[in-house]
Amino acid sequence: MTTKRKTFEYAPAPESRAIVDIKSSYGLFINGEFVDGKGGSFKTISPATEEVLAEVTEATAADVDTAVRAARKAYETVWSKLPGSERAKYLYRIARIMAERSREFAVLESLDNGKPIKESRDVDLPLVAQWFFYYAGWADKLGHAGLGPDPKALGVAGQVIPWNFPIMMLAWKIAPALAAGNTVVLKPAETTPLTALLFAEVCQQAELPPGVVNIITGAGPTGQALVEHPDVDKVAFTGSTAVGKAIARSVAGTSKKVTLELGGKAANIVFDDAPLDQAIEGIVGGIFFNQGHVCCAGSRLLVQENVYDDVIERLKRRMATLRLGDPLDKNTDIGAINSAEQLARIKELSAVGDAEGAERWSAPCEIPDHGFWFAPTIFTGVTQAHRIAREEIFGPVLSVLTFRTPAEAIEKANNTPYGLSAGVWTEKGSRILSMASQLRAGVVWANTFNKFDPASPFGGYKESGYGREGGRHGLAAYLQGASA
Amino acid sequence: MTRIDVRKTHKLYINGAFPRSESGRTYEALDAKGDFIANMAKASRKDARDAVLAARKAFGGWSTRTPYNRGQVIYRIAEVMEGRRDQFIAEILAGGTPPKRVAPCVDASIDRVVWYAGWADKYVQVLGNANAVSGPFFNLSTPEPTGVVAIIAPEAPLLGLVSVIAPAIATGNTVVVIATENHPVPAVTLAEIMATSDVPAGVVNILTGSAAEIAPWLASHMDVNGIDLAGVTDPALATELEVAAAENLKRVLRAPSGPADWLAEPTLARLEAFVETKTVWHPIGV
């Protein structure tokens, strides 16, 4: 029986939100300045408290058109004429400013998204600065990227990003696009627009030429108008597989180049010879990092049968120490679920898990009175036919299955329409390489999990999408002459 | 006395065998003057699905062959093609290609297969990367085959056909090919070469018939992972196929926007089109 161990109580250690100045309302960032939209507005709230943070503009199709025109003009008159070495300097400037203002961005991200400050501060923001710095260096070296001596930019990129890593996804999209010589129109998710809007200020501070980066806010219809705009040359989308398929349909018959970073249902495979202490940390980080709002989350745990009891006991013991609560508290491990809609989806699929006969266990933790929360949860006794083993929950919910042989582990791991990531835990080197080569997934973490780096290509097989972000491959996605 | 020649029955090529269409249908292949050449099997939806099944079955074995071995097998295709050079020339001539273009086209076709054979054990080095990440991690990206690829072959009788098949199988994919409807005879000969060289059954499956009829079934087939629209000249059909392909997010290689010059030395684009980049991380420690 697992019980919460007696430990010292933590004193609250909230990060001050005084560092960030949130305006009461925001316009659209088009052609280097904030402008009013032609449509309505919507509110963005803190998912931890449900307080309204700001009023944000809902961009109409006409606004999208204005933004695309600004991007086109900037591409033709300024950005495509700049030598790569000069584009690089702007990107280096942005990288430096993002590092300088990283605490401000981290606080704002945790407020708007609900993720713990220790993640926004120690993972998201460092990666953002690094992403811009990495791609800045590519801008004047495109001829060395393996795409011919002088690869050309595509033109205007329309980019639509999700709510789980708002500013990090912005960096993943904007940095390679600009380095390759494109201009962009980017739409952040409707529940997390604030850091993208603050990034607009960074563009101004860096004196980026007007129109090179345009930020428009709105929901699905705004994103659709952007993706379908005839003058967009490149579509980059991160989000759900359903929307990814709709985008793939909408660009059919055009010459638009597309990268799609979609859903996942990653297997995290633990063999009996695994370094179990490390594996437990990897399992916990794999599914509870960012409340499980991670497309590459290790949401299916496959445990070799003979260590199953041991692994589950250790896992529950570790989960009982996770601290859920105020995202701005530096002690917090598990923040708020991003939205009421997402919480409802997590609750619904968990209820399906109960109904289909899996056994639920949740870490004992107090749930705050306001906001959207879900305790870290595992389901045991899960079979491959269960919906919680097949559908992406996108929350802090782990489905546990077992296996006996490596062949069975591979068969179960690959038995999904997704193919974004996978994890393998074993001390046997030859087994790692054998598993890694048989797993049909774009990223395989062996004896680690959820690691990201701008030099490392990231992206999926099968219905997890196509194209890669990060590294030389991520650059190629924004240049002519590459199929990626 | 003049000998009566033995005519060939032109059939489909599925799973290493030569079945007639299960539908029992045929159509007439005609030469440039509109004269009868042969009755061709007219593949059906069921034939296309059988071919996908065969390609899927062959994928595991073919994709895990050593790259050196795949290169040898593809090189062997060129060797056998060389022995059938005169047959190809005669068939392409009969199809109506201007005589002075025929032999160069056949020679280029054989050379093209040799070119791609040589890529089988090299493209991983060119398209893959060792990634210098900022932490104590080994991190390597390598391209792997996408899976089962459907190909609508271009009109160019033999050169177009080998130019789309060879890159797809060089990287370890297995393919279902719809031969050009108007010049299908060289495709059947190529199928015989596949059957008599060392290409395992199911790696290459070749259908004759109407692309407009069969391609939509392949584009919407949930066990097909990629589709090459090289031979689709009707923009409405191309769009229809791309829309259908979105259902399981097939990798789509769009048709060239203008007439393709198949004689030009290829780029890596076709090798790159149907591979997936896999990145493996491992901590470095003691």
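Residues numbered from 1 in each chain as written. Chains lettered and ligands numbered in written order. Predicted model: local features only at pLDDT ≥ 70, side-chain atom pairs only at ≥ 80, totals over all residues. Heavy atoms only, no water.

**Comments concerning empty space enclosed by the protein**
All names here are of chain A.
- Within this structure, the stated rule accounts for 7 cavities of 30 Å³ or more.
- Lining the largest cavity are 15 residues, with Arg300, Ala413, Thr416, Ser421 and Ala441 sitting closest to its centre.
- Taken together, the residues that form the lining of the largest cavity break down as 8 nonpolar, 4 polar and 3 charged.
- Considering only enclosed or pocket space, the second largest cavity measures out at about 70 Å³ in volume.
- In terms of lining residues, the second largest cavity is bounded by Asn164, Phe165, Met168, Met169, Trp172, Thr238, Glu261, Val294, Cys295, Cys296, Phe452 and Phe458.
- Here the lining of the second largest cavity gets 3 residues from one element, more than from any other, and that element is helix H5 (residues 166–179).
- Classifying every residue of the lining of the second largest cavity by side-chain character gives 9 nonpolar, 2 polar and 1 charged. (1 Å grid on protein atoms, 1.4 Å probe; cavity = no way out; pocket = protein on both sides within 12 Å on 5 of 7 lines; lining within 4 Å. Points joined across faces, edges and corners; volume = space filled by probe spheres on them. Nonpolar A, V, L, I, M, F, W, Y, C, P; charged D, E, K, R; others polar. Helix = DSSP H or I, 4+ residues; strand = E, 2+ residues; numbered from the N terminus.)

**Examining the pattern of salt bridges**
- Inspection of the entire model under this criterion finds 44 salt bridges over all chains.
- Close ionic contact of Glu104(A) with Arg101(A) constitutes a salt bridge, the shortest N to O distance being 3.0 Å. When sorted by exposure, Glu104(A) lands in the same class as Arg101(A), which is buried.
- Across the pair Asp223(B) and Arg56(B) runs a salt bridge, and its minimum N-O distance is 3.1 Å. Of the two residues, Asp223(B) is situated in the loop between helix H8 (211–219) and strand S8 (226–228) and Arg56(B) in helix H1 (residues 45–63); the sequence distance between them amounts to 167 residues.
- In this structure, a network of salt bridges that share partners links the residues Lys23(A), Arg101(A), Glu104(A) and Glu201(A). (Salt bridge = Lys/Arg side-chain N within 4 Å of Asp/Glu carboxyl O. Buried < 20%, exposed > 50% of the residue type's maximum accessible area, 1.4 Å probe, protein only.)

**Considering the interface of chain A and chain B**
- At the interface, 46 residues of chain A touch 38 residues of chain B.
- Together chain A and chain B conceal approximately 3100 Å² of surface at their shared face, both sides included; 50% is due to carbon and sulfur atoms.
- If you look at where chain A meets chain B, you find 28 residue pairs in polar contact (both at pLDDT 80 or more).
- Broken down by element, the side of chain A that touches chain B gets its largest block of residues, 5 residues, from helix H8 (residues 241–250) of chain A.
- Both strand S17 (residues 443–446) of chain A and strand S10 (residues 275–283) of chain B contribute to a ladder of 3 bridges, which runs parallel. Residue pairing in the sheet places Val444(A) in a bridge with Val280(B) of S10(B). (Contact = heavy atoms within 4.5 Å. Buried area = accessible area lost by both parts, 1.4 Å probe. Polar contact = N/O pair within 3.5 Å; in protein donor to acceptor, adjacent residues only side chain to side chain. Pairing = 2+ DSSP bridges.)

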